[in-house]
Amino acid sequence: MHPAIPRAHTWARPLILWPLATLALALTGCANAPAPRPVAAAAVPATAPAAATATPSAAVPAPTTHEAGFAAWRDGFATQALAAGIRPETVRQVLAQAQWQPRVLELDRAQPEFSRTPWAYLDSAVSQQRVAQGQAKLAEHAAPLQAASARYGVPAAVITAIWGMESNYGSNFGSFHTVDALATLAYEGRRRAWAQGELLAALRIIDQGDIAADRMIGSWAGAMGHTQFLPSVFLRHAVDADGDGHRDIWGSVPDVAASTAAFLAGEGWRRGEPWGTEVKLPAVFDFARTELNVRQSATQWAAEGVQTTDGRALPALDAASVITPAGARGPAFLVGHNFRTLLRYNNAVTYALGVAQLSQQIEGGAPIVATWPRELPALSREQVQALQLALNQRGFDTGTPDGVLGPATRAGLRRYQQSEGLAADGYATVELLSRLSGSAPASSPRTGTPLAEQPAR
């Protein structure tokens, strides 16, 4: 998952925001444990019991300025850890040995030059290889996956899909020692208070004996194990399903499956309710309503002419939204409560749609029917900032131009599109940027025809 909103891991991308247990797309590394690190000398506060006193090590090279500052911060943070109830032994053997990781900060500060289009993301997230691997994993581990499903009401295919999305079924869940990564972020990251809380949670997990410090491996942002839980989420939702006395999301598939299902159930997953379905929209449709906060029953949407792509009845969803991830020119989906629950894992529509589509195809369901507007290029951060600035200058407030296509930017863009008689889908394109700059023809971004004359998808 990835952090700012409770998630299984959440800083990951946008796709992306800060979440709660998962940073999926930004994760790199392998599932193998890093090489053992040398033991570095570090102090434990004088107020700690005698047993907590660290033993100086042999001479080591002089630390850099950053390393020296980190060591001083780490020693000071030990007081906070002890006050939080972390055992002196854990402070001495784990926190006191945490190492400065400059690569973590490089990854934390990295900003992609271009945003990723929904179809580019889904091409990778729901590839035929990943679908086939998911089907094989579901068959191989049917017993624990089905047991988790029966216990928590989350379909086994959904659990498997999250496993595939987060770590490619355990082949890539990161190569950073979690304590090192979180200590580095707590010292000099963008979200220091958040990282300090997660660091304390990581130390508590080790303190409780669920995992040894050298096996606690994950992403640069602290997301851990097969389905990338942040430490705080682990403490709340991890499950010992195999009965060995440890909650092991690094090496036990039963624990991984149950913990993932427990998280979703705890976030409100509704047993037996589908995530949603792909739909066709009527010829005349107000795309300004394609937001997750616009909700009504599937029956009401059907009365407006929203239909499934296969001619079946819409699923019985009581608070459903219509979303168009690529705007008026791309596929449309009717999504319900469980789709929004998937966003608790990673707060990005494309992520939730990836899980939904991957689980659907693992079960043998059809892929997306409508075509994506693949001719549209992704906008760079600089172009998004220019778009935001132009909208602000015209009175369509998007907030401070930051190059991120968030809700405020979509809202401002929709208002501009409405003022121009365009499909108000809030989807940013190079064409709209040019139009705002006064160099594009006054035609709809969907077909070049007035909104009322646009055909059904």
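Structural data are supplied above this passage.
One structure accompanies this document, and this report is about it. Quick caveat, the model's predicted, so the values are computed rather than measured.

**A closer look at the nonpolar core**
Judged by nonpolar contacts, the single largest core of 95 residues is most densely connected at Val179, Leu199, Met216 and Leu264. What valine 179 contacts, discounting residues up to four positions off in sequence, is Val94, Ala98, Leu199, Ala202, Leu203, Ile206 and Met216. Core analysis: the second largest hydrophobic core is formed by 15 residues, Trp301, Leu317, Ala332 and Ala423 among them.

**Concerning the sheet that holds strand β5 (residues 321-323)**
Taking strand neighbours across the sheet as the criterion, the 4 strands line up as β4-β3-β6-β5 in an open arrangement whose pairing is antiparallel. The two strands at the open ends of the sheet, each matched to only one other strand, are β4 (307-308) and β5. Looking at chain direction, strand β3 (residues 276-280) and strand β6 (residues 332-335) are connected through 4 bridges and run antiparallel. Residue pairing for β6: valine 279 is matched across the bridge by alanine 332.

**A word on the pattern of salt bridges**
For the coordinates displayed, the defined rule picks out 19 salt bridges. Residue glutamate 106 pairs with arginine 103 through a salt bridge whose shortest N-O separation is 3.0 Å. Here glutamate 106 pairs with arginine 103, and both are found in helix α3 (residues 102-109), just 3 residues apart, close to one helical turn. Salt-bridge contacts for arginine 247 lead to aspartate 210; the nearest nitrogen and oxygen are separated by 3.2 Å. With arginine 247 in the loop between α10 (231-237) and α11 (253-266) and aspartate 210 in the loop between α9 (192-207) and β2 (217-218), this residue pair connects regions lying 37 residues apart in the sequence. A relative accessible area of 16% places arginine 247 in the buried class.

**Quick word on the pairing of β3**
A regular strand places its side chains on the two faces of the sheet in alternate fashion. For β3, the buried fraction is high: 4 of the 5 residues fall into the buried class. Here β3 pairs with β4 via 2 bridges, running antiparallel. When the sheet's bridge partners are listed, valine 279 is paired in β4 with threonine 308.

Criteria and cut-off values
- Residues numbered from 1 in each chain as written.
- Predicted model: local features only at pLDDT ≥ 70, side-chain atom pairs only at ≥ 80, totals over all residues.
- Heavy atoms only, no water.
- Core = buried A, V, L, I, M, F, W, Y, C linked by side-chain atoms within 4.5 Å.
- Buried < 20%, exposed > 50% of the residue type's maximum accessible area, 1.4 Å probe, protein only.
- Contact = heavy atoms within 4.5 Å.
- Pairing = 2+ DSSP bridges.
- Helix = DSSP H or I, 4+ residues; strand = E, 2+ residues; numbered from the N terminus.
- Salt bridge = Lys/Arg side-chain N within 4 Å of Asp/Glu carboxyl O.

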